[in-house]
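What follows is the residue order along each chain.
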Amino acid sequence: MQTGIAMALLLPSFTFGTAEAASTVTEASLKSKEPITAGADLLHYVAAIKRGTTTVKTDVKVVQVDLQAPYVQLGVMSGENNSITTSNSVRGMAQETGAVAGINGDVYNTSSSVDRAPIGGVVQNGEILSSPSLMQGLYSFAVTQTNKPVIDLFTFEGSVTGPDGETYPIGGLNNSFYTSDPGKVNTMVDSIQLYTDKWASTNRGTGSGTTPTEVLVQNGIVQQISEGKAFNMVPPKDGYILRAHGKGAKFVLAHLLPGEPVTVTTKLVSTGTETAYTDADLKMLMGGHTILVDAGKAAAFSRDISGVGGQYYRARTAVGFSKDQRYVYLVTADKTSTSAGMSLEELQQFLVKIGAWKALNMDGGGSTQLVSRPLGETSVVVTNTTENGDERRVVNGLGVYTTAPKGEARSISILGQQTVFLGEKLTYSIKGYDTYYNPMEFDQSKVAWTSTGNVGSFQGNTFTVKATGQTTVKAVVGQATHTMDVKVAGRDDIASMSIVPTSTVLLAGSEVGLSVLVKLKDGTERTLPASSFKWETSGFKGQVSGGVLKVTEPGASGGQLIAGYDGFRTILPMSSGTSLVWSDFSSADIPASSMVYPQGELTATVSKVAGLGGLTAANTALQLQYDMTPGTFGQVTKAAYVKFGADPDGVSVQGSPQTVSLKVLGDNSLNMLRAEIVDAAGTLTRVDLAERIDWTGWKTLSADLTQAKPVYPIKLKRIYVANPAVGQDERARTGAIGIDDITFQYKANTPALARNKVVLTLGKSAVQVNGKTLSLAPAPAPYTTPDGRTMVPVRFITEALGGSVVWTNATKQVSIQRGSQLADLWVGNREIIVDGKRVTTDAPAELKGATTMVPLRVLSEAFQWSVQYDAKTQTITLQ
């Protein structure tokens, strides 16, 4: 849920942007449409939004539900076990209730001091589960018994009648404490509140500051009256609990008696349209927030939008329907690194563009979630990309359900990768769906799998890749046979490869995690395990096993790590270095204290604790405990710091470290973790250690210090936990982390490669290397081709300039390495591989006798050698 006006004052890099100027949704482009079930489709839009002079794009997912379709219906999903005061992810609610799609629902109070319940009303299957709060401008979405969608304002009417016929109004049904608006009235004061078995908590009215008198009713008979004290129980399934206070309590004590009957009435009534609806007219109802669209146009907001960050570019959820009331739109807009989010004004414009006649805003930000069931699958998946990368537990959602019978098979297909790589072991399965787009079930163990050719083989449904090439995978189940073409990528399919290490500093005995990012010519990208590659080391000793480089001898100045795949190679320069533990907090070497921001509101303490988080008793770590509860929320970033030393700029760090690592005991608070570095020029740099603390237990974090290009020496000033203003309610307000073994890594100075000077003459075998005359014989002299290409003997030139050459006769491959530069080329092939990237040259290498001749331009561009040509003397100088 989003609350408050958010301003990222302390952490300017952690912002969502503010809609300061008018923006326009210029386009809503439909990218794809796929059935979910008969009557419901998943639509993927990309919205183009002009913000000032910049155009951004936002991914929007829409579940379009046809209310005229016979087998589809909408329903409310409430927390766990369809109960109020519980929470669940949207996927969890859909799996629990059998929904085939769904979005998150109503806004709710995230304060830990109040029972979590939806702020709006809930009706499911004609039963009122909770009543709407007395808050101005809170609209609800409903579907009538005649299958018509409604967006309207609803109010609650209820009463309790004693055996003597006296009545008293019921203030609400299954509501948590809140303050009404307008009026700012405590809704628990002088009221009687009704709680049914859908209220899953033993607490009622938490945070209201009122002392209750409660009445336990079962089968319409008063069982007990507890004056001045609440029952420690949830309401029974065969009854309810009345919570009374003040005048309401006086009514209870005067007119209700144990053993006597009591009657309650409840009713929802629409108040915002000409057509009057009550709960008896409704199949379902779920509360929302402000109205967004009315009569096909952007509507004036019915409620202050600052409380939901409406002015910010965030993830959004909305529900609307078409003018003919046939289609309902369940909408989510993503806010990620590649999707720009939306303000509420932009959301209004988008909804109008896709045909919404009426629409309202639902909970958004970190709550925004859309799930749907892929064709042929039995479970829903999260279809949008959530703002925080997780699936937040929310109080309710709007689900899509199917009642379709089993139909005839419509489509059957094989599931699995169609582009695979050498050494991979991949699992394949079969799926299908019927005429209603509902999944068909298959016993996967009874599927027989085969493949053509010799590129791989099946063991059960696991395919092991052995060679490059093409194969056709075939699945046979019963009388049905299904095939899929699979390609094992080879050298000619790869556009680039790059090694992804966890560190580039070589330390004796250290382990470096490895994977390789492979990009194919067709745009496919895969990050593959180290086991798919052949590994070479140059300049140091180590071995790659199980995805880890184990360094035995780092070498005097480091070296290079080379990964090869089917003749395609890439290289990673690595530096030998040292590691220095700055502090392990087992002694009093580094003073540490606490501070907070804003000062005077929050509290934090720093202490050294032996055995923290499972460490040995002899191991002392630093603990930062914090409480960010005080003060207002959503106004300013809050932070708790560990401050090092007495100097305002912190404590000095020796030398010129490249990276920093530390062990952190997480608290799963989802807060940020940062460090502050002050360099010799006085420049303060904030270093991201973790965007979210989303773990418990000890974890080693590391960060690159060189990106900020600091002026050495540097000082470590502070490490801190931060809760940015935007989405502040989505992260924990209290917690404790541990810090241990702050360590800096340093790389050794790597000597520059020697710059030899080579002078060649066209048509002559004599050559000068650093002024010394040598002969190219028996290699041919340099020559010029008819199209003007200057060809030179690759081995002599490369070795003269300090490199090495390897010839592979079987494939006519020439492999060249000079320091951290690597090139592979093939005779007759214009494509060469340079430092892991495919490059197309204007002429291929060629054989002259036993000598490989290459275009001079290829060598000079691949290795950045300087080339000078003297036309008068026909000499070529390389250096």
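Details of the structure are given in the entry above.
Since this is a predicted model, take the numbers as computed values, not measurements.

## Some points on the sheet that holds strand 56 (residues 758-761)
By way of backbone hydrogen bonds, the strands of a sheet pair with one another, either parallel or antiparallel. Read from one edge of the open sheet, five strands run 58-57-56-69-68, paired in antiparallel fashion. The outermost strands of the open sheet, each flanked by one partner alone, are strand 58 (772-775) and strand 68 (867-870). Direction aside, neighbouring strands of the sheet carry axes that sit 25° apart on average. One ladder, built from four bridges, connects strand 57 (residues 766-769) with strand 58; its direction is antiparallel. Each residue of the ladder has a partner; that of A766, found in strand 58, is S775.

## Some thoughts on the side chain of N175
Relative to the helices and strands, N175 is located in the loop between strand 11 (172-173) and strand 12 (192-195). A distance of 2.9 Å separates polar atoms of two side chains, one belonging to N175 and the other to S131. Sequence-distant contacts of N175, defined by excluding residues within four places in its chain, comprise S130, S131, P132, M188, Q193, Y195 and W199.

## Side note on the sheet that holds strand 14 (residues 221-226)
Pairing is mixed in the open sheet, where five strands are placed in the order 11-12-15-13-14. In the strand order of this sheet, the two ends are held by strand 11 and strand 14, each with one partner. Here strand 12 pairs with strand 15 (residues 239-244) via four bridges, running antiparallel. Following the sheet pairing, Y195 is matched in strand 15 by I241.

## With respect to the packing of aromatic side chains
Scanning the model with the defined rule gives 16 aromatic pairs in all. With a centroid separation of 5.6 Å and 85° between ring planes, the pair formed by Y45 and F350 is classed as edge-to-face. Pair noted here: Y45 is in strand 2 (residues 40-51) and F350 is in helix 3 (residues 344-353), with a separation of 305 residues, a long-range link. What makes Y45 buried here is its relative accessible area of 11%. Residue F350 is classed as buried on the basis of its relative accessible area, which comes to 0%.

## Topic: the environment of V381
Counting through the fold element by element, V381 comes out in strand 24 (residues 381-382). For the pair V381 and V371, spaced 10 residues apart in the sequence, the C-alpha separation amounts to 5.3 Å. Filtering out sequence-adjacent residues up to four positions away, V381 remains in contact with L370, V371, S372 and P374.

## Looking at the side chain of R373
Along the chain, the position of R373 falls in the loop between strand 23 (370-372) and strand 24. Buried charged residue R373 carries no salt bridge. Nearest counter-charge: D434, at 7.0 Å. Only 3.4 Å separates the side chain of R373 from the backbone oxygen of I36, close enough to count as a polar contact. Not counting chain neighbours up to four residues away, the residues in contact with R373 comprise I36, T37, V100, T378, S379, V380, Y437, N438 and P439.

## Some words on the environment of Q654
As for its placement among the helices and strands, Q654 is situated in the loop between strand 49 (651-653) and strand 50 (659-667). Residue classification places Q654 among the exposed positions, given a relative accessible area of 58%. Residues Q654 and W582, spaced 72 residues apart in sequence, show a C-alpha to C-alpha distance of 8.6 Å. Not counting residues up to four positions away in its chain, the partners in contact with Q654 are L580 and Y746.

## Some details on the pairing of strand 47 (residues 620-627)
Burial within strand 47 is extensive, with six of its eight residues counted as buried. In the sheet, strand 46 (residues 603-610) pairs with strand 47 via eight bridges, with the strands oriented antiparallel. Following the sheet pairing, A610 is matched in strand 47 by T620. Across six bridges, strand 47 lies against strand 55 (residues 734-747) in antiparallel orientation. Counted as the bridge partner of Q625 is A736 from strand 55.

## Some thoughts on the pattern of salt bridges
Taken as a whole, this structure holds 28 salt bridges when the rule is applied. Close ionic contact of R91 with E391 constitutes a salt bridge, the shortest N to O distance being 2.5 Å. Separated by 300 residues along the polypeptide, R91 in helix 1 (residues 90-97) and E391 in the loop between strand 24 and strand 25 (396-402) bring together distant segments of the chain. Residue classification places R91 among the partly exposed residues on the basis of a relative accessible area of 29%. When salt bridges with common partners are traced through the structure, they connect R314, E387, R392 and E730 into a single cluster.

## Remarks on the nonpolar core
One finds Y428, V518, F533, W535, L549, L561 and Y565 to be the most contacted residues of the largest nonpolar core, which totals 44 residues. When residues of this core are assigned to their parent elements, the largest contribution, five residues, is made by strand 38 (residues 511-520). Residue contacts for L561: discarding those within four places in its chain leaves I499, L514, W535, E536, T537, F540, V544, L549, T570, I571, L572 and M574. With 39 residues, the next largest nonpolar core counts W582, A604, L716 and I719 among its residues.

Rules used throughout
- Residues numbered from 1 in each chain as written.
- Predicted model: local features only at pLDDT ≥ 70, side-chain atom pairs only at ≥ 80, totals over all residues.
- Heavy atoms only, no water.
- Pairing = 2+ DSSP bridges.
- Helix = DSSP H or I, 4+ residues; strand = E, 2+ residues; numbered from the N terminus.
- Axes fitted to C-alpha atoms, helices over the stretch in contact; angles between N-to-C directions.
- Polar contact = N/O pair within 3.5 Å; in protein donor to acceptor, adjacent residues only side chain to side chain.
- Contact = heavy atoms within 4.5 Å.
- Phe/Tyr/Trp six-rings, centres within 6.5 Å; stacked < 30°, edge-to-face > 60°.
- Buried < 20%, exposed > 50% of the residue type's maximum accessible area, 1.4 Å probe, protein only.
- Lys, Arg positive; Asp, Glu negative; His and termini not counted.
- Salt bridge = Lys/Arg side-chain N within 4 Å of Asp/Glu carboxyl O.
- Core = buried A, V, L, I, M, F, W, Y, C linked by side-chain atoms within 4.5 Å.

These results come straight from atomic positions and should not be treated as a statement about function.
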